[in-house]
Amino acid sequence: MVFSDGTFEGELDSVARLLGIEWGRTVLYERALPLWKDSTDRTSADHREVLAELRSRLWGLATDPDPRILALFLSRYPDFDPHESTGSETRGTVRALRTFQESLTGQLRATRDRLVQTVDEYARHPEVELSEWLSGQYEEYVQFLRNVDPALSSSLTRP
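Quick summary incoming for the structure in this document.

### Side note on the overall build of the protein
Thinking step 1. Secondary structure assignment for the protein yields 6 helices and 0 strands.
Thinking step 2. Going from the N terminus to the C terminus, the protein shows its helices and strands as α-α-α-α-α-α.
Thinking step 3. Within the span of the protein, comprising 159 residues, buried residues form 39% of the whole.
Thinking step 4. In the protein, of all internal contacts separated by at least 6 residues, the share reaching a separation of at least 24 is 76%.

### As for the packing of helix α1 (residues 12–40) against helix α5 (residues 130–147)
Thinking step 1. Two numbers describe how α1 lies on α5: the axes approach to 9 Å, and their chain directions differ by 150°. Between α1 and α5, the crossing angle belongs to the class labelled roughly antiparallel. The handedness of the crossing between α1 and α5 is left-handed. When α1 is examined against α5, the residues Arg-25, Thr-26, Tyr-29, Glu-30, Leu-33, Trp-36, Lys-37, Ser-39 and Thr-40 are found in contact with a partner set consisting of Trp-133, Leu-134, Ser-135, Gln-137, Tyr-138, Tyr-141, Val-142, Phe-144 and Leu-145.
Thinking step 2. Per-class residue counts for the contact of α1 with α5 are 10 nonpolar, 5 polar and 3 charged.

### So, the pattern of salt bridges
Pairing between side chains of opposite charge can happen when their charged atoms approach one another.
Thinking step 1. Inspection of every chain in the model, using the stated rule, returns 11 salt bridges.
Thinking step 2. Of the charged contacts, one joins Asp-46 and Arg-48 as a salt bridge, the two residues approaching to 3.6 Å between their closest N and O atoms.
Thinking step 3. With relative accessibility at 36%, the residue Asp-46 sits in the partly exposed group.
Thinking step 4. A single salt-bridge network, built from bridges that share partners, covers Asp-38, Arg-42, Glu-49, Glu-53 and Arg-57.

### Section: the nonpolar core
Thinking step 1. Ranked by internal contacts, the top residues of the largest apolar core, which has 37 residues, are Trp-23, Trp-36, Leu-58, Phe-73 and Phe-80.
Thinking step 2. Sorting the residues of this core by element identifies α1, α2 (47–59), α3 (67–76), α4 (89–124) and α5 as the ones contributing at least two each.
Thinking step 3. Top contributing element to this core by residue count: α1, with 11 residues.
Thinking step 4. In contact with Trp-36, other than residues within four places in its own chain, are Leu-54, Leu-58, Leu-115, Val-119, Trp-133, Leu-134, Gln-137, Tyr-138 and Tyr-141.

### Some points on the packing of aromatic side chains
Thinking step 1. All told, the structure shown has 8 aromatic pairs when counted by the stated rule.
Thinking step 2. On the numbers, 4.9 Å between centres and 85° between planes, the contact of Tyr-29 with Phe-144 is edge-to-face. One end of the pair, Tyr-29, is in helix α1; the other, Phe-144, is in helix α5, with 115 residues separating them in the sequence.
Thinking step 3. With relative accessibility at 23%, the residue Phe-144 sits in the partly exposed group.
Thinking step 4. Look at Tyr-122 and Trp-133: their rings are 4.3 Å apart centre to centre, the planes differ by 15°, and that puts the pair in the stacked class. Pair noted here: Tyr-122 is in helix α4 and Trp-133 is in helix α5, with a separation of 11 residues, a long-range link.

### Considerations on α2
Thinking step 1. Taking 1.5 Å of rise per residue, 13 residues should cover 18 Å, and α2 covers 18 Å from first to last C-alpha, within 8% of that figure.
Thinking step 2. Taken together, the buried positions of α2 are occupied by Val-50, Leu-51, Leu-54 and Leu-58. Considered in projection along α2, the buried side chains sweep an arc of 95° and stay on one side of the axis.

Rules behind the numbers
- Residues numbered from 1 in each chain as written.
- Predicted model: local features only at pLDDT ≥ 70, side-chain atom pairs only at ≥ 80, totals over all residues.
- Heavy atoms only, no water.
- Helix = DSSP H or I, 4+ residues; strand = E, 2+ residues; numbered from the N terminus.
- Buried < 20%, exposed > 50% of the residue type's maximum accessible area, 1.4 Å probe, protein only.
- Contact = heavy atoms within 4.5 Å.
- Axes fitted to C-alpha atoms, helices over the stretch in contact; angles between N-to-C directions.
- Parallel < 35°, antiparallel > 145°, perpendicular 65-115°, else oblique.
- Left-handed = near helix turned anticlockwise from the far one by under 90°.
- Nonpolar A, V, L, I, M, F, W, Y, C, P; charged D, E, K, R; others polar.
- Salt bridge = Lys/Arg side-chain N within 4 Å of Asp/Glu carboxyl O.
- Core = buried A, V, L, I, M, F, W, Y, C linked by side-chain atoms within 4.5 Å.
- Phe/Tyr/Trp six-rings, centres within 6.5 Å; stacked < 30°, edge-to-face > 60°.
- Expected span 1.5 Å × (residues − 1).
- Arc of directions from axis to C-beta.

Here is the structure:
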């Protein structure tokens, strides 16, 4: 369990996995948000073209965590830093950090794939107007990011 103040309870590996999932989804939504916004602004164009471009741009999003993410993670959770641990703790800390990185990378890919799938599903079965659908999706991702730790979200978007 991870608390809002950044402390946690439980095994390092389990916490690392949970944090990797949360951070991966957050990073990918942060990367995708401008693409959704751009598409929302282009709804007067051909709908198939807008969806194809959005799908292509989503598919092209980076799913590798950049070094800033790991540095931010270690600054927020020093218990996972192998350089801060001693003796027998080091092996468990290294394993937990690897678990975080694997979980993060997996979630980046899974979230990207889910966003592409969302576009594909709408393209096959559009139940509402494109502008309404794009706006709704955009707001859903904004709402998710509002519920994430603001320090995490804003730190990940800074160049």
